[in-house]
Structures are given as C-alpha cells and as structure tokens.
Amino acid sequence: MELLRFSTAGSVDDGKSTLIGRLLFDSKAIPDDQYEAIKRASGGDAGTVDLALLTDGLRAEREQKITIDVAYRYFATPRRRFIIADTPGHAQYTRNMVTGASTAHAAVILVDARNGLLEQSRRHAALSALLRVPHLAVAINKMDLVGFDEGIYRHIEAEFAKFAAKLGVTATAIPLSALAGDNVVERSQNTPFYTGPSLLEWLEGLPIAETRDNEAFRFPVQCVIRPHQNFRGFAGKIAEGSIRPGDPILALPSGKCSVIKEIVTADGTQAQALSGESVVLTLTDELDISRGDLLTTPENPPAIARRFVATVCVLSEAGLAPGRPYIAIQTTRQAAAAVEKIDFRLAVETLEKEETNRLALNELGQVTIALAQPLFLDPYTRSREMGGFLLLDPATSVPIAAGMVTQVLPETDHERAAEPWNRTERERRHGHRGGVVVVQDRAAAATLERRLAAQGWRTAFAERIEWGALDAFITNGLILITLGEPMQSLESQLDVLRLPDTNLIGFAEGI
C-alpha cells in the first residue's frame with residue numbers, strides 16, 4: 001500500500017491533537033492497552049476520554065493542554081498507510097511546524113468555527129504553500145458548538161479560499177467535530193449542506209505525485225559498498241526518478257559516464273528501482289565515486305552551483321546573518337557556505353517583504369548564499385530532495401536554518417570582468433580565512449587535509465615552502481598544510497612577513 005504523510009496545523013486550541021486522536025480511535029488504530037492508559041490519564045469513561053493525550057505526550061503539553069513539539073503517529077486503513085505529524089500552533093514553535101510539514105504530501109489546517117480564520121491559521125497555510133505541500137484541506141472544527149450552522153461554514157470557506165488564491169493554492173473545506181466525530185471518518189448527518197468526503201475519505205483519495213521517469217533521475221551516493229574485491233557498489237536513496245540496468249548515467253562532479261550494471265537490494269537484484277527506494281547500484285565501468293557524489297541521467301543533470309537564492313526558516317536562537325561561516329548540507333553532500341545578503345524578511349501572515357540585515361529565530365526570508373564547493377541543485381518546486389538544504393554552525397553542528405532553493409545563480413554574476421577577486425571576496429566565497437597548519441609528518445598532513453576537506457575547507461599541501469611565499473596562500477584564502485618545526489620557529493617567520501596572528505592556526509600534534 002502507498003504511504004501518505006500529512007501534517008496538521010492551526011491556532012492554539014483549534015483541536016489538532018483531538019482530531020488526530022479521533023481519527024485514530026474511529027479508524028480502530030489504537031491498541032487496547034494504549035487506550036486504557038489515556039482513559040486512566042484523562043480520568044473519565046469511554047464517553048469522556050481525552051483523545052488529545054494520544055499525541056500530546058510531553059508533560060508540559062498535558063499540563064498546558066497545548067502542542068509544543070512535533071508528534072508523529074502511524075496508522076493504516078485497508079486502502080492506505082499514513083504517518084501523521086501533529087505540529088504546534090504557537091508562533092514561537094514555527095520551526096517545529098516547518099519540520100513536520102517539510103516531508104508531508106498533504107496538510108490539514110484547522111480552524112475553530114467559533115473564531116473564524118485567525119492570523120496563525122493564515123501563517124500555517126502560507127508555510128504549507130512555501131514548503132510546496134501538494135494538497136491542502138481546511139478542517140472547520142467544533143461545528144457542534146455553533147449548531148452546525150451552514151452560514152458560518154460558508155463564510156470561513158470563502159475567506160480561506162480568498163487567502164489561498166494569493167498563495168497560488170487551492171484547498172478543500174471540511175466541516176467537522178473532532179470531539180464528536182462528525183465528518184472525521186464517517187460522513188455526518190448533521191451537515192446536510194456538505195456533500196464532500198469525510199476527512200479520512202479525502203486522505204485516502206489523494207494522489208501521491210512522484211516523479212517516476214528516468215529523465216529526472218537523481219541518486220546521491222551515501223557510501224561505497226565493497227565486501228570483497230569482486231564487488232563494488234554505491235549505496236543510497238533515489239531522490240528522484242527511476243533507473244533500470246542498462247540505463248546510462250553521469251557521475252558528478254567528475255563528469256564521467258557509465259551504464260547501470262545491477263540494482264542490488266537486501267532481497268537480491270531487481271529490474272527497476274523507483275524514487276524513494278534505498279538500493280545499491282553497480283556500474284559497468286570502474287569510476288572514482290565516493291560519498292557526496294551524484295549519479296544522474298546525462299540528458300537532464302541538475303545545476304552545479306556555487307551561488308543560489310533560497311527561502312530559509314531560522315531554526316536557532318543564534319539567528320542568520322551575512323558574514324558568518326556556515327556548513328550547507330544538501331542530500332549527502334556538504335560545503336562551507338556564507339550568506340552574501342538577506343534580500344528580505346517575509347511577513348508570512350500578510351506576505352509582505354520587509355528589509356532587514358538579520359533573520360531571527362522562527363523568521364522566514366529570502367537570502368543569497370555562496371559556497372566554497374559546488375552543490376548539485378534542482379529548484380525546490382521541482383524536487384524537495386534536491387532543492388532542500390540545512391545550514392549548520394561549523395563549530396557545533398547545530399542547525400541554524402532550513403532552506404528551499406528558488407533560483408540557481410551563474411558564477412559569472414559574481415565575477416568581476418576587469419579585475420580578479422581581492423582577499424575579502426575570496427574569504428567570503430570560501431567561508432573562512434586563509435591560514436597555516438604545521439604538522440610533523442606526511443601521514444598527519446594527509447589525515448588532516450582529508451578531514452578539513454570533508455568539512456568544506458579549501459586546502460593546499462606543500463612539504464617544503466619558502467616562508468616568503470606564505471602570503472600568497474593566505475591572500476588566496478587557502479589553508480596551507482605543511483611540514484615544519486615547532487610553532488616558535490614559524491611565529492618568527494610570520495613576524496618577518498608581518499602577517500596577522502589570527503592566520504596562524506597552529507602546530508598540530510597527535511593527529
């Protein structure tokens with residue numbers, strides 16, 4: 001059966017957790033022991049069980065009766081399997097909502113029939129549209145508290161449709177009562193004015209749009225599998241498209257071509273692999289391929305980009321600002337990155353663009369990003385896997401922002417026709433300053449260079465170097481790894497060259 005992921009979102013107390021609990025309960029997806037546990041926790045009988053406790057598992061959530069973190073639940077019907085992401089409604093937990101909706105095929109936006117469409121409901125609808133969630137439903141909840149009034153339903157339906165038109169999306173409006181179960185699993189007789197499907201029927205009938213032709217094949221390599229000298233395969237998850245033995249492929253960044261020999265899984269070889277499957281691919285030729293490389297079709301490769309424009313959501317209290325070093329993680333590849341500029345902050349509720357030089361926690365905006373090494377990118381509108389990325393703090397590996405690629409910029413836009421880059425431009429491009437590391441032997445130098453390169457540093461190695469030439473490496477923003485004497489000797493040379501002490505990384509021992 002197909003798997004459909006969907007998220008729920010809305011304002012505080014719109015009944016998201018109760019709706020999920022009702023959906024699980026009425027579809028008979030709650031184990032008896034779990035039902036008895038929430039029955040004891042809610043202190044009631046079968047008619048007064050607090051079904052929201054099924055997803056509100058944190059102590060703070062139960063005490064405050066709100067959703068704080070994203071809760072995932074799994075259930076299945078005879079027609080389809082489901083993974084639900086119950087996301088919080090508070091504005092301060094926007095990053096949690098973005099996390100839950102980023103992999104969803106559908107989003108259910110709850111609206112309290114008594115309050116109408118609120119600011120936070122608009123915010124979640126806008127975020128779902130930005131994340132390119134393919135299907136959207138507005139669940140007009142607590143209709144039982146307004147006497148199942150058709151006028152209230154029609155007013156909210158029209159108001160939401162008007163806002164959704166600005167986002168470029170359409171939505172299905174479903175009147176329901178999560179507490180009583182009306183139109184959740186079965187259609188209700190209390191809403192004769194509504195002839196559409198119940199919420200579960202709507203979820204079961206949604207098409208799951210996936211690219212399945214090999215024209216857009218994308219396979220980020222996770223690792224090389226070599227159990228013995230007669231087998232060498234490349235393991236990973238197919239991000240887009242499909243592949244068969246005999247299909248030609250292009251390996252990036254090397255640009256070498258080959259042909260698929262076999263598709264290997266834990267169950268043996270297979271004749272075809274589709275998007276979302278984890279497989280091992282073998283090739284007819286021996287190519288130098290490693291983690292972070294990409295296998296794709298030669299006719300339709302992704303963009304090889306060092307600069308791009310993206311919409312980002314800030315996940316950290318540190319915020320996002322130009323001039324700071326970051327590490328960009330995209331599929332299995334990573335590169336040192338820097339924010340060249342923040343184009344604007346997006347006011348999600350009104351869709352207005354605001355000028356700013358910094359994005360704070362939970363804020364969204366458009367930024368231009370420069371990379372030290374190229375990434376293989378498709379626009380997020382075409383591929384979530386190839387167009388989504390993370391920015392990490394290089395010192396702590398803490399996620400700073402999640403982003404969606406909107407436009408790939410050609411390198412020539414950043415180059416000056418009349419003169420080469422200066423030192424500042426190179427450092428901004430590389431994401432770090434130039435520097436020197438002195439080690440004692442070649443083995444240590446090789447280990448260090450591989451580790452630095454894996455983290456996106458631009459490096460160079462010289463077994464012996466004239467200290468007068470040192471300035472050239474630092475001016476070009478490179479980390480020079482060389483063999484030499486202890487730090488005191490090197491410091492004296494740097495004093496002669498009048499280079500800043502901050503460019504001396506140090507004398508590395510015990511690598």
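Look a little higher up for the structure.
Residues numbered from 1 in each chain as written. Predicted model: local features only at pLDDT ≥ 70, side-chain atom pairs only at ≥ 80, totals over all residues. Heavy atoms only, no water.

Caption draft 1: Region of interest: empty space enclosed by the protein. Evaluation of the coordinates by the stated rule reveals 1 cavity of 30 Å³ or more. In this structure, the largest cavity encloses a volume near 40 Å³. If you trace the largest cavity, you find it lined by Arg5, Phe6, Ser7, Tyr72, Ile83, Ile84, Ala85, Gly100, Thr103 and Ala104. Elements with a contribution of two residues or more to the lining of the largest cavity: strand E1 (3–10) and strand E3 (81–86). Taken together, the residues of the lining of the largest cavity sort by class into 6 nonpolar, 3 polar and 1 charged. (1 Å grid on protein atoms, 1.4 Å probe; cavity = no way out; pocket = protein on both sides within 12 Å on 5 of 7 lines; lining within 4 Å. Points joined across faces, edges and corners; volume = space filled by probe spheres on them. Helix = DSSP H or I, 4+ residues; strand = E, 2+ residues; numbered from the N terminus. Nonpolar A, V, L, I, M, F, W, Y, C, P; charged D, E, K, R; others polar.)

Caption draft 2: Structural detail: the packing of helix H4 (residues 94–101) against helix H5 (residues 119–130). Axis separation between H4 and H5 bottoms out at 10 Å; the angle between their running directions is 40°. The orientation of H4 with respect to H5, classified from their angle, is oblique. When you trace H4 past H5, the crossing you get is right-handed. Between H4 and H5, the residues in contact are Thr94, Met97 and Val98 and Arg123, His124, Leu127 and Ser128, respectively. Considering only residue class, the contact of H4 with H5 consists of 3 nonpolar, 3 polar and 1 charged. (Axes fitted to C-alpha atoms, helices over the stretch in contact; angles between N-to-C directions. Parallel < 35°, antiparallel > 145°, perpendicular 65-115°, else oblique. Left-handed = near helix turned anticlockwise from the far one by under 90°. Contact = heavy atoms within 4.5 Å.)

Caption draft 3: Representation of helix H10 (residues 442–454). For H10, spanning 13 residues, the distance from its first C-alpha to its last is 18 Å, which sits close to the expected 18 Å at 1.5 Å a residue. Buried within H10 are the following residues: Ala444, Ala445, Leu448 and Leu452. All buried residues of H10 project into a common sector of 100° when viewed along the axis, lining one side. Along H10, exposed side chains directed more than 90 degrees from the buried face belong to Arg442, Ala443 and Arg450. Its buried side turned inward, H10 meets strand E21 (435–439), strand E22 (459–462) and strand E23 (479–483). Residue aspartate 441 occupies the N-cap position of H10, its side-chain oxygen lying 3.2 Å from the main-chain nitrogen of alanine 443. (Expected span 1.5 Å × (residues − 1). Buried < 20%, exposed > 50% of the residue type's maximum accessible area, 1.4 Å probe, protein only. Arc of directions from axis to C-beta. Polar contact = N/O pair within 3.5 Å; in protein donor to acceptor, adjacent residues only side chain to side chain.)

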